[in-house]
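Residue-level listing of the chains:
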Amino acid sequence: MRIAHGIYMLEISANIMGTPSIINPTLIVDNDMVILIDTGFPGQLSKIKEAIEGEGVSFVKLNMVILTHQDIDHVGSLSSILEELTSGVEVLSHEEERVYIQGDKLPVKVAQLKTHLSSLSNEMKEIYEKMKIFYANNSSNVDRTFSDGQELPYCGGITIVYTPGHTPGHICLYIKHHKILIAGDALQVQGGVLIQAPQASNFDTNLSMSSLKKISEYDIETVICYHGGIYKVDTNKRIKELANG
Ligand SMILES: [Zn+2]
């Protein structure tokens, strides 16, 4: 779905713990730059490829992947994308996320499950095992890292907004010219309502609240949420409401 000039929200069908759902990576195209933000679950390469081509963009032109964070639904198909595109794709994330994506440290959600292993349901134990095996076998190199406030020179300027909470190095991306926020998992849309990601899914609740306050200082018309898609109704007002708890 085209959101603005050069900015597309992809819609990838997925099954989240037995529930059919849609996840929304973002595609940014600016001259010879083709940037994918987040890479879906493991095994979704063909769906991602199809979604990119569906926007009239050639998949082989993809030359940059930005990861909002380390969770499996965001880094899942990164290694297969990199395998497929031998021409060189630059991978970027916040500096705090690098060790997890590269497999140097156990990802935070896996580590959290590990601490509660004895009290987990069989279903959750199975998910833990699958995630552990996935991360052990699918680490990818992060070529460059971001720090807070860094600007990328595409689409008139994209600001990296460091928004820890959901994970230690979560980022959102703000496209000033279009007043678009690519929210990753800092926000989601549920039943047409913009909400914060469920606290149980956050690594650090307090940090996620202060990150919301930080987001609320930006002038935002459109939010692209990875879970739930587009939100554009009185957006600034809604984000301020959420930030004030
Ligand atoms: Zn997610």
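Use the structure listed above.
Given the structure is predicted, the values throughout are model-derived calculations rather than measurements.

Here the zinc ion is held by Asp73 (OD), His74 (NE2), Asp185 (OD) and His227 (NE2), and the distances to it run 2.1 to 2.2 Å. Between the 4 donor atoms coordinating the zinc ion, the angles at the centre fall across 84 to 166°, so the site counts as irregular. If you list the donors of the zinc ion from N- to C-terminus, the spacing comes out as D-H-x110-D-x41-H. Accessibility classification places Asp73 together with His74 in one group, the buried group.

In a soluble, globular protein the nonpolar side chains are often hidden away together inside. Grouped together as the largest cluster of nonpolar side chains are 35 residues, with contacts concentrated most on Leu36, Ile52, Leu62 and Ile81. When near neighbours in sequence (up to four residues on either side) are disregarded, Ile81 contacts Leu36, Thr39, Leu45, Ile48, Phe59 and Leu62. Core analysis: the next-biggest nonpolar cluster, separate from the first, contains 22 residues, Met9, Leu152, Ile171 and Ile175 among them.

Our next topic: the sheet that holds strand β2 (residues 7-9). With mixed pairing, the 7 strands of this open sheet are ordered in space as β1-β2-β5-β6-β7-β8-β9. Unpaired on one side and paired on the other, β1 (2-4) and β9 (144-146) mark the two borders of the sheet. Each neighbouring strand pair of the sheet contributes to a mean axis angle of 25°, computed without reference to strand direction. The pairing of strand β6 (residues 33-37) with strand β7 (residues 64-66) spans 3 bridges and is classified as parallel. Opposite Ile35, over in β7, you have Met64 as the bridge partner.

In terms of residue burial, strand β11 (residues 158-162) counts as a mostly covered element, since 5 of its 5 residues are buried. Burial along β11 is two-sided: Ile158, Ile160 and Tyr162 and Thr159 and Val161, pointing in opposite directions, are all buried. Looking at chain direction, strand β10 (residues 151-152) and β11 are connected through 2 bridges and run antiparallel. Bridge pairing in β11 places Glu151 opposite Thr159. Hairpin connection of β10 to β11: 5 residues between the antiparallel strands, including Cys155 at a positive phi of 50°.

What follows covers the layout of surface pockets. The probe, sized like a water molecule, is rolled over the atoms to show the empty space still left. Empty space within the largest pocket amounts to approximately 1,100 Å³. Forming the walls of the largest pocket are 29 residues, and the residues nearest its centre are Ile16, Met17, Ile72, Ile127 and Met131. At 8 residues, helix α6 (residues 122-137) tops the list of elements feeding residues into the lining of the largest pocket. Of the residues contributing to the lining of the largest pocket, the split by class is 14 nonpolar, 8 polar and 7 charged.

The geometry of an aromatic ring pair comes down to the distance between the two centres and the angle between the two planes. Counted according to the given criterion, the structure contains 2 aromatic pairs. Between Phe134 and Tyr135, the aromatic rings sit 5.3 Å apart at their centres with planes inclined by 75°, giving edge-to-face as the arrangement. As far as the burial class goes, Phe134 and Tyr135 line up, both buried.

Definitions and limits used
Residues numbered from 1 in each chain as written. Predicted model: local features only at pLDDT ≥ 70, side-chain atom pairs only at ≥ 80, totals over all residues. Heavy atoms only, no water. Donors = N, O, S within 2.8 Å, 3.2 Å for Na, K, Ca; no water. Tetrahedral: all angles 85-135°; square planar, octahedral: opposite > 155°, others 65-115°. Buried < 20%, exposed > 50% of the residue type's maximum accessible area, 1.4 Å probe, protein only. Core = buried A, V, L, I, M, F, W, Y, C linked by side-chain atoms within 4.5 Å. Contact = heavy atoms within 4.5 Å. Pairing = 2+ DSSP bridges. Helix = DSSP H or I, 4+ residues; strand = E, 2+ residues; numbered from the N terminus. Axes fitted to C-alpha atoms, helices over the stretch in contact; angles between N-to-C directions. 1 Å grid on protein atoms, 1.4 Å probe; cavity = no way out; pocket = protein on both sides within 12 Å on 5 of 7 lines; lining within 4 Å. Points joined across faces, edges and corners; volume = space filled by probe spheres on them. Nonpolar A, V, L, I, M, F, W, Y, C, P; charged D, E, K, R; others polar. Phe/Tyr/Trp six-rings, centres within 6.5 Å; stacked < 30°, edge-to-face > 60°.

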